[in-house]
Amino acid sequence: MTNPILTTDSYKHSHFLQYPPETCAISAYIEARPNDFANEVLFLGLQPYLMDYLGHPITQADIDEAEAICAAHGVPFNRAGWQIVLDDHGGFLPLEIRALPEGMIVPTGVPLVQVETTDPRLPWLATFIETALLRAVWYPTTVATLSRQCRLIIRAGLEKTSEDVEGQLPFKLHDFGARGTSSGESAGLGGMAHLVNFMGTDTMEGLLATRRYYGADMAGFSIPAAEHSTMTSWGREREEAAYANMLDAFEGDGKLVAVVSDSYDLDAALTRIWGGTLRDKVLARKGTLVVRPDSGDPVETPVRAVKTLWEAFGGTINAKDYRVLDAHVRVIQGDGMTPATIAQLIDRLIAEGFAIDNIAFGMGGGLLQQVNRDTLRFAMKANAMRDGAGVWHDVAKAPATDPGKASKAGRQAVAIEAGRIVARRKENVAEADDLLRPVWRNGNLLVRHSFDAVRARAA
């Protein structure tokens, strides 16, 4: 999938024949339309697209391959147009892209990106890249927004019950989603998006993505952890020995080790082993045991685990009058977690008098895969056409059958008014006040965001 001429929908290849003859430029924008999932989004993902897709020029081989495929496929091919791209622009698409700063929290209905063509012979290019560009933006933005919703829910629980909100929060939601994604690229982009909000991950492609695209040295961390195969390979009769081996193998001052404990009977493991035969061994360690339930009711089971560990290990009452388990034991719940179940679990723990310090959360496919373009109602739409006299004309859709799909007319700007981020027509906003800033022009990356800067904006 390395030919940029073919990273589009088939019908796009016929569009160069469809614009009015006087068309010299097209402007198009991307937004998350108002939706039922979130009122604001965390914008992310344009920079990887600019580097990996627009940053690689097309070649003669790309043109020849695309022409052959389109001919066999039954759609027109604009060989003359693509030859102009190669011969006159060095293979780089003549486009200007303006965008908001990545990491910004943006209300729905506000443009995130705006694209304009810069060669009057090739006005169709702005919308030709819709397929790849929209895909590059909607997915990481949606994952980052979902992760941020979880962050806000967890923060509220910590603020009510914890004495160490800022120290606890970065590691409260762990990404276990790599195996649940559709591809390694999805794991990288989605894992990267989660790391804007948190620092816990097992998705190593996400680490590589933050390093490659945003210059992060190390954006996330993990700990040694058991899976069912490493526990059940000992056999049921040696379950205690399997657990003891975990404590011995990963001993160390301040170190954490997570042990899945529901291979046979979670309640028996909690009472007879962790809180029974291995209790003294757990308390003698310099690190922390993190018990992981992995089945049962996703709310009641971890609550029961925390209560059982309290009965076995005790703990302290913090200044906010909530119970905090002995520092040698904690719980992580990674099964069945969604924003809704995380909120329910937090409420249940608070109702039982426990601080949210006692638990961490994990998400897998629900974080990185169970989203789609309609989650945040993403769309890319043309909004203006420039004629040969240099006059811009409004372009918009207004379907009577669905007013919610109406698009914005005229080139857009984004400004701050009365403390709110709002969309306005470009001619009504001074250039210095427009938050949509040029980030790409004719093959040149004009702005490169660091991951630290993205995180700072998101926070």
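Our subject in this report is the structure included herewith.

**Things to note about the pattern of salt bridges**
For step 1, the next point in the chain: With the rule as written, the count across this model stands at 28 salt bridges.
For step 2, the next point in the chain: A salt bridge links R292 to D294, with the shortest nitrogen-to-oxygen separation between them at 3.1 Å.
For step 3, the next point in the chain: Under the relative-accessibility criterion, D294 is labelled partly exposed at 23%.
For step 4, the next point in the chain: Salt bridges sharing common partners tie together E96, R98, K426, E431, D434 and R441.

**Section: the sheet that holds strand β7 (residues 200–201)**
For step 1, the next point in the chain: Reading across from one edge, β7-β6-β13-β12-β9-β8 is the order of the 6 strands in this open sheet, with parallel pairing throughout. Either end of the sheet is taken by a strand with one partner, and the two such strands are β7 and β8 (256–260).
For step 2, the next point in the chain: Pairing geometry for strand β6 (residues 173–175) and β7, over 2 bridges, is parallel. Each residue of the ladder has a partner; that of D175, found in β7, is T201.
For step 3, the next point in the chain: The sheet contacts of helix α10 (residues 239–249) involve β8 and β9 (288–292), and relative to β8 the element is tilted by about 165 degrees.

**Here's the deal with the pairing of strand β12 (residues 329–333)**
For step 1, the next point in the chain: Taking burial as the measure, the 5 residues of β12 include 5 buried ones, the bulk of the element.
For step 2, the next point in the chain: Burial of β12 is two-sided: the residues V329, V331 and Q333 facing one way and the residues R330 and I332 facing the other way are all buried.
For step 3, the next point in the chain: Two elements, β12 and strand β13 (residues 359–363), share 3 bridges in a ladder whose sense is parallel. Paired with V331 across the two strands is I359, which belongs to β13.

**Section: the sheet that holds strand β5 (residues 113–117)**
For step 1, the next point in the chain: Strand order across the open sheet formed by 7 strands is β15-β14-β1-β5-β3-β18-β19, with antiparallel pairing between neighbours. Each having just a single partner strand, β15 (392–394) and β19 (444–445) make up the two edges of the open sheet.
For step 2, the next point in the chain: Direction of pairing for strand β1 (residues 25–32) relative to strand β14 (residues 378–386): antiparallel, over a ladder of 8 bridges. Opposite I30, over in β14, you have M380 as the bridge partner.

Rules and cut-offs
Residues numbered from 1 in each chain as written. Predicted model: local features only at pLDDT ≥ 70, side-chain atom pairs only at ≥ 80, totals over all residues. Heavy atoms only, no water. Salt bridge = Lys/Arg side-chain N within 4 Å of Asp/Glu carboxyl O. Buried < 20%, exposed > 50% of the residue type's maximum accessible area, 1.4 Å probe, protein only. Pairing = 2+ DSSP bridges. Helix = DSSP H or I, 4+ residues; strand = E, 2+ residues; numbered from the N terminus. Contact = heavy atoms within 4.5 Å. Axes fitted to C-alpha atoms, helices over the stretch in contact; angles between N-to-C directions.

Any functional reading would require information beyond the geometric quantities listed.
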